[in-house]
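Here is what each chain is made of, one letter per residue.
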Amino acid sequence: MTSNADLRARFQAAFMPNYGVPPVALVRGEGARVWDADGTEYLDLIAGIAVSSLGHAHPALARAVAAQAATLAHTSNLFVNEPAVRLAERLVELAGGGARVFLSNSGTEANEAALKIAIKYGKTHGRRFFVATENGFHGRTLGALSLTGKTSIREPFGPYALDVRFVPYGDADALRAYVNDDCAAVFLEPTQGEAGVVPPPHGYLAEARDICDLTGTLLVADEIQSAIGRTGAWFAFQHEDVRPDLLTLAKGLGGGLPVGACLAFGDHGAILAKGDHGSTFGGNPVAAAAALAVLDTIEAEGLLAHATAVGDVLAEGLNDVDHPLLAGVRGRGLWRGLVLADAVAPAVEAAARDAGFLVNAVQPGAIRLAPPLILSPEQARSFTAALPSVLDAAQKAS
């Protein structure tokens, strides 16, 4: 039987070093649990970075993928396929109607589509620059990276062709100071994910909407991580009853299969003309069938309410932990950030893994939790009960 050590060595020999060498090789999953090549079981509190919304090996997802792959696996966008049409219609309905959709393979590509719409809008209306937020993350392709305010990954690949001005996240006054009639679009995450699950002050999105309305600027909501039930709503913008002009999705939408989407509301849905943009694999029938199965299952199993309820259980347990290394907890639903008193997140991640829990050291001083939406209250409590000893082990290792 192939071991963790064997697979890690083969990985190191075969792949470019941009990921380093991951610590374990996962071979099987069921629900919110996964097993590595050595047979060790873990509670998965990462879900493939907020992707595996139904957990692992969910029967509805497996059936949908198998049936579609056995019927029609690919068409390209030279032809219409019904699963893609149904998915676009469903997303428009869930978002409140009045939108058109571009389907992609990933979140980065969804943001690239939004950016091209914003660029074309800007050229049409004589607008020269864009506004994004410090520590924001929108992807790693050069267009999306130009909007990403994470200096460590942005600077090595500059300069960029776009004029992007960065403002502090959650600061409505900073938006007012920068956004004017020359601004084409504002790109925001309703909660910053890669920054460590950082929510804005209440009312921030509504103020951003007002500022954009006043200046004729497009408001783009990057919900790559936050959508599809992650915060207990279909879309995080619905918590403030604020609708953006452009909405980008991915991650949890496909439940593990690569799929992304850009929704443009109102007249903005017609900005891209024939030939302006495309994707060979975007709207792939198998990926679309998977996404439809995810949406159907979330609705049928009441997973929006479940994510809220279990998220509250998780947050309550985390807030009850009295440890000098745990400085705070933030987030919503099944998307939480543990704020650490010291920059020892990698040690906490390692200690949690040793204890049978997969978590993500998303920042030096923050741990990200983004478990499957099917996580049970008992599983949530098992982590919060183990956290003090995990933090003790991390302190000792550091």
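As the structure is a computational prediction, the values presented were derived from the model and not from experiment. (Residues numbered from 1 in each chain as written. Predicted model: local features only at pLDDT ≥ 70, side-chain atom pairs only at ≥ 80, totals over all residues. Heavy atoms only, no water.)

### Structural notes on the overall build of the chain
A tally of helices and strands in the chain yields 13 helices and 15 strands. Its C-alpha radius of gyration of 21 Å places the chain within 12% of the 21 Å reference for a compact globule of 398 residues. Over its C-alpha atoms, taken along the principal directions, the chain stretches across nearly 55 × 50 × 45 Å. By the burial criterion, 55% of the 398 residues in the chain qualify as buried. Across the chain, every contact between residues at least 6 apart in sequence was considered, and the portion connecting residues at least 24 apart equals 71%. For the chain, the exposed area adds up to about 17100 Å²; of that, 53% sits on carbon and sulfur atoms. Of the charged side chains in the chain, 30 are positive and 42 negative, and the gap between their average positions amounts to 5 Å. (Helix = DSSP H or I, 4+ residues; strand = E, 2+ residues; numbered from the N terminus. Rg over C-alpha atoms; globule rule 2.2 N^0.38 Å. Buried < 20%, exposed > 50% of the residue type's maximum accessible area, 1.4 Å probe, protein only. Contact = heavy atoms within 4.5 Å. Areas by Shrake-Rupley, 256 points an atom, 1.4 Å probe, with all protein chains shown as cover. Lys, Arg positive; Asp, Glu negative; His and termini not counted. Charge placed at Lys NZ, Arg CZ, Asp CG, Glu CD.)

### A short note on the packing of aromatic side chains
The tally for this structure, following the rule as stated, stands at 4 aromatic pairs. Geometrically, the ring pair formed by Phe 235 and Phe 237 is stacked, given 5.6 Å between the ring centres and 5° between the ring planes. One exposure class covers both Phe 235 and Phe 237, and it is buried. Note on Phe 357 and Phe 383: the rings are 5.4 Å apart at their centroids and 65° apart in plane angle, and the pair reads as edge-to-face. Pair noted here: Phe 357 is in strand 13 (residues 357-358) and Phe 383 is in helix 13 (residues 377-397), with a separation of 26 residues, a long-range link. A relative accessible area of 2% means that Phe 383 is categorised as buried. Here the basic side chain of Arg 28 rests over the ring of Trp 35, its NZ or CZ set 3.9 Å away from the ring centre. Residue placement shows Arg 165 over the ring face of Phe 129; its charged tip is 3.8 Å from the ring centre. (Phe/Tyr/Trp six-rings, centres within 6.5 Å; stacked < 30°, edge-to-face > 60°. Lys NZ or Arg CZ within 6 Å of the ring centre and 35° of its normal.)

### Some words on helix 11 (residues 303-319)
Counting along an α-helix, one turn takes 3.6 residues, and residues three or four places apart therefore face a common direction. An ideal rise of 1.5 Å per residue puts 24 Å on 17 residues; helix 11 measures up with 23 Å between its terminal C-alpha atoms. Along helix 11, the residues that are buried comprise Leu 303, Leu 304, Ala 307, Val 310, Gly 311, Leu 314, Ala 315, Gly 317 and Leu 318. Around the axis of helix 11, the buried residues are gathered within 160° of arc, so they sit on the same side. Exposed and facing more than 90 degrees away from the buried side of helix 11 are Ala 305, Glu 316 and Asn 319. Buried positions along helix 11 lie against helix 10 (285-300), strand 11 (326-332), strand 12 (335-340), strand 15 (366-369) and helix 13. (Expected span 1.5 Å × (residues − 1). Arc of directions from axis to C-beta.)

### Focus: the sheet that holds strand 9 (residues 246-249)
Hydrogen bonds along the backbone pair up the strands of a sheet, which may run parallel or antiparallel. The 7 strands lie next to each other as 4-10-9-8-7-5-6, forming an open sheet whose pairing is mixed. Across the chains shown, the open sheet's two edge strands, defined by having one partner strand only, are strand 4 (99-104) and strand 6 (164-167). For this sheet, the mean inter-axis angle between neighbouring strands, taken without regard to orientation, is 20°. Running at roughly 130° to strand 4, helix 4 (residues 82-94) makes contact with strand 4, strand 9 and strand 10 (260-265) of the sheet. (Pairing = 2+ DSSP bridges. Axes fitted to C-alpha atoms, helices over the stretch in contact; angles between N-to-C directions.)

### A closer look at the side chain of His 56
When you line up the elements, His 56 lands in the loop between helix 2 (47-50) and helix 3 (59-69). A distance of 2.8 Å separates the side chain of His 56 from the side chain of Asp 44, its partner in a polar contact. Setting aside residues up to four positions removed in sequence, His 56 forms contacts with Gly 29, Glu 30, Gly 31, Arg 33, Val 34 and Asp 44. (Polar contact = N/O pair within 3.5 Å; in protein donor to acceptor, adjacent residues only side chain to side chain.)

### Considerations on the nonpolar core
Core analysis: the biggest nonpolar cluster contains 65 residues, and Leu 87, Phe 235 and Phe 383 have the highest contact counts within it. In terms of residue count, the dominant contributor to this core is helix 10 (8 residues). Excluding anything up to four places from it in sequence, Phe 383 contacts Leu 45, Leu 314, Leu 318, Leu 338, Phe 357, Val 359 and Leu 369. One finds Ala 113, Ala 114, Phe 130 and Leu 218 within the second-largest nonpolar core, a separate group that totals 20 residues. (Core = buried A, V, L, I, M, F, W, Y, C linked by side-chain atoms within 4.5 Å.)

### Structural notes on the pairing of strand 2 (residues 33-36)
Sheet topology note: the strand 1 (residues 26-30)/strand 2 ladder contains 4 bridges and is antiparallel. Its bridge partner lying in strand 2, Gly 29 is registered against Val 34. Linking strand 1 back to strand 2 in an antiparallel pair, the connection comprises 2 residues, with Gly 31 at a positive phi of about 65°. In terms of strand pairing, strand 2 meets strand 3 (residues 41-44) through 3 bridges, oriented antiparallel. Residue pairing in the sheet places Arg 33 in a bridge with Leu 43 of strand 3. Counted along the chain from strand 2 to the antiparallel partner strand 3, the turn is 4 residues long, and its residue Gly 39 has a positive phi close to 90°.

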